[in-house]
Amino acid sequence: MTLSSPLRSAGAATLAVAISALSLGALVAPAPAHANSAAFYTVELAAPAAERTTIIGGVAWQCQGTSCVAAKSNSRPVVVCQRVARELGEVTGFTAKGKALADEDLARCNGN
């Protein structure tokens with residue numbers, strides 16, 4: 001009899017849809033904000049940050065002691081650094097995508 005053939009096809013189609021949905025979910029799932037591999041900015045502060053997580057200019061900063069990291073924003077690195085300095089205090093080191101700010105930019109960051 002061929003009654004089992006349509007049922008098998010329906011089961012296979014359902015399984016295919018389920019696998020596709022799970023695969024798509026894995027592709028679009030957001031990475032954790034604290035993942036250091038996703039960090040675009042890194043900051044070293046003169047004094048430890050009071051909070052572990054701080055939102056500055058729409059960017060979530062994850063801090064541990066005097067080190068903080070964040071994902072990329074739409075602002076120039078010096079502007080991001082200035083915002084961090086206003087909120088968290090003196091910045092002793094700042095990098096964007098692995099490139100450190102020049103000494104004169106770091107001085108501008110701290111308002112000097």
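Above this note sits the structure.
Along each chain, residues carry numbers from 1 onward, in the same order as the chain's sequence is written. Whole-chain, interface and lining totals are the exception, using all residues; otherwise, since this is a predicted model, local features are given only for residues with pLDDT of at least 70 and side-chain atom pairs are given and counted only at 80 or more. The side-chain numbers reported here are obtained from all heavy atoms of the structure, hydrogens and water having been left aside.

Trainee: Report on the sheet that holds strand β6 (residues 99-100), specifying residues and quantitative values.
Mentor: Pairing is antiparallel across the open sheet formed by six strands, whose spatial order is β2-β3-β4-β1-β5-β6. Looking along the sheet, the strands with just one partner apiece sit at the ends: β2 (53-56) and β6. Here strand β3 (residues 59-64) runs beside strand β4 (residues 67-70); their pairing, made up of four bridges, is antiparallel. What sits directly across from Trp61, in β4, is Ala70. We call two residues contacting when some pair of their heavy atoms lies within 4.5 Å. Here the axes come from fitting lines to C-alpha atoms, over the contacting stretch only for helices, and the angles between their N-to-C directions go from 0 to 180 degrees. Helix and strand definitions here come from DSSP, where helices need a minimum of 4 consecutive H or I residues and strands a minimum of 2 consecutive E residues; each element is numbered from the N-terminal end. Those strands touched by helix α2 (residues 77-88) are β1 (41-45), β2, β3, β4 and β5 (91-96), and its axis lies near 145 degrees from that of β5. Two strands make a pair as long as DSSP finds a minimum of two bridges between them.

Trainee: How would you summarise the packing of aromatic side chains if you had to cite specific residues and measurements?
Mentor: Stacked, edge-to-face and tilted are the three classes for Phe, Tyr and Trp ring pairs, Trp counted by its six-membered ring, which pair at centre distances within 6.5 Å; planes under 30 degrees apart are stacked, over 60 edge-to-face, the rest tilted. Counted according to the given criterion, the structure contains three aromatic pairs. Considering the side-chain rings of Phe40 and Tyr41, the 4.9 Å spacing of their centres and the 85 degrees angle between planes classify their relative orientation as edge-to-face. Take Phe40 and Tyr41: they sit in the same class, and that class is buried. On the numbers, 5.7 Å between centres and 35 degrees between planes, the contact of Tyr41 with Phe94 is tilted. Of this pair, Tyr41 sits in strand β1 while Phe94 sits in strand β5; the two residues are 53 residues apart in sequence, bridging distant segments of the chain. Phe94 matches Tyr41 in its accessibility class, with the two residues each being buried. Note on classification: 1.4 Å probe, protein chains only; a residue is buried when its accessible area is under 20% of the maximum for its type, exposed when over 50%, partly exposed between these limits.

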